[in-house]
Amino acid sequence: AAGASSATIAALILFFALIGTLITRPLNQLIDAALQIARGNFSRRLPVTSRDEVGRLSAAFNEMSERLQLIVSQLERSEHNYRLHFENVSDLIYAVQPDLTITSMSPSATTLLGYQPSELIGKTIAATGIIATDYISDFEQHVRGALSGERITAAEYIFTSRDGTQKFFETSFSPLVEENQVC
């Protein structure tokens, strides 16, 4: 009886070890795959070897991975297209904060004004000297109007290039709006 009981205990230990391996192996694979997804490897897929909960979880994980891969790809393509438009537009496009600090400027600033955008970003419009002094107060008024939601469709200013040449620019102001809030 003692031998049979030892054999039963050994069989139970072996049985539970096997069951534990059958459960922990797929869970460890899922953890590894989730970490790879978190690191940006959206191509990682899990084998679906059963129709039980683990198999359904693996299939759901694969579906999520495919969807994430598609969304990230679409987002990257959209960002690339936006960047192409912004970098190749011939108009001067810029964004300013309420204090008239330039936060972004299209590369056309180089062609139109002789400045690299990086030379102007982070400075106030007045500090850059790109708008003639006589026009600064009108410019400030239009920026305040745009930040309060107003659209200014045509305002003329004299811009001054790096070489001192003054040019008339027709400018329109539009607030950046997100979720019905001016940004």
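The structure reproduced in this document is the subject of the present report. Quick caveat, the model's predicted, so the values are computed rather than measured.

### Quick word on the pattern of salt bridges
Consideration 1: One pass over the structure, following the stated rule, counts four salt bridges.
Consideration 2: Note that Arg44 and Asp32 form a salt bridge whose closest N and O atoms lie 3.2 Å from each other. Remark: Asp32 occurs in helix 1 (residues 2-38) and Arg44 occurs in the loop between helix 1 and helix 2 (53-88); sequence separation between them is 12 residues.
Consideration 3: Residue class for Asp32 comes out partly exposed when judged on its relative accessible area of 33%.
Consideration 4: Residue Arg83 is joined to Glu79 by a salt bridge in which the shortest nitrogen-to-oxygen separation is 3.4 Å. One end of the pair, Arg83, and the other, Glu79, are both in helix 2, four residues apart, so they sit about a helical turn from each other.
Consideration 5: Owing to a relative accessible area of 42%, Arg83 belongs among the partly exposed residues under this scheme.
Consideration 6: For Glu79, a relative accessible area of 44% translates into the label partly exposed.

### Notes on the nonpolar core
Consideration 1: If you look at the biggest cluster of nonpolar residues, it comprises 26 residues, and the most contacted ones within it are Met105, Ile125, Ile130, Ile131, Phe139, Phe159 and Phe173.
Consideration 2: It is strand 3 (residues 152-160) that contributes the most residues to this core, five residues altogether.
Consideration 3: When residues no more than four places from it in sequence are discounted, the contact partners of Ile130 are Met105, Leu113, Tyr115, Leu120, Ile125, Ile158, Phe159 and Thr160.

### Some details on a nonpolar patch on the surface
Consideration 1: Together, Phe15, Phe16, Ile19, Ile23, Leu27 and Leu57 make up a nonpolar patch on the protein surface, roughly 550 Å² of accessible area in all.
Consideration 2: Per-element tally for the nonpolar patch: the top contributor is helix 1, with five residues.

### Overview of the side chain of Arg44
Consideration 1: A polar side-chain atom of Arg44 sits 3.2 Å from a polar atom in the side chain of Asp32.
Consideration 2: A polar side-chain atom of Arg44 sits 3.5 Å from a polar atom in the side chain of Gln36.
Consideration 3: Sequence-distant contacts of Arg44, defined by excluding residues within four places in its chain, comprise Gln29, Asp32, Ala33, Gln36, Ile37, Phe61 and Ser65.

### A look at the pairing of strand 3
Regular strands have side chains that alternate between both faces of the sheet.
Consideration 1: Where strand 3 lies against strand 4 (residues 166-173), seven bridges are found, and the strand directions are antiparallel. Opposite Ala155, over in strand 4, you have Thr171 as the bridge partner.
Consideration 2: Where strand 3 folds back onto strand 4 in an antiparallel hairpin, the turn is made up of five residues, including Gly164, whose phi is positive at roughly 90 degrees.

### Notes on the side chain of Ser108
Consideration 1: If you trace the backbone, Ser108 turns up in helix 3 (residues 108-113).
Consideration 2: Polar side-chain contacts of Ser108 include one of 2.7 Å to the side chain of Ser106.
Consideration 3: When near neighbours in sequence (up to four residues on either side) are disregarded, Ser108 contacts Val89, Ser90, Asp91, Leu92, Ile93 and Leu113.

How each quantity is defined
- Residues numbered from 1 in each chain as written.
- Predicted model: local features only at pLDDT ≥ 70, side-chain atom pairs only at ≥ 80, totals over all residues.
- Heavy atoms only, no water.
- Salt bridge = Lys/Arg side-chain N within 4 Å of Asp/Glu carboxyl O.
- Helix = DSSP H or I, 4+ residues; strand = E, 2+ residues; numbered from the N terminus.
- Buried < 20%, exposed > 50% of the residue type's maximum accessible area, 1.4 Å probe, protein only.
- Core = buried A, V, L, I, M, F, W, Y, C linked by side-chain atoms within 4.5 Å.
- Contact = heavy atoms within 4.5 Å.
- Patch = residues over 30% accessible without salt bridge, like charges linked within 9 Å, V, L, I, M, F, W, Y side chains within 5 Å.
- Areas by Shrake-Rupley, 256 points an atom, 1.4 Å probe, with all protein chains shown as cover.
- Polar contact = N/O pair within 3.5 Å; in protein donor to acceptor, adjacent residues only side chain to side chain.
- Pairing = 2+ DSSP bridges.

Don't take any of this as a statement about function, it's just geometry.
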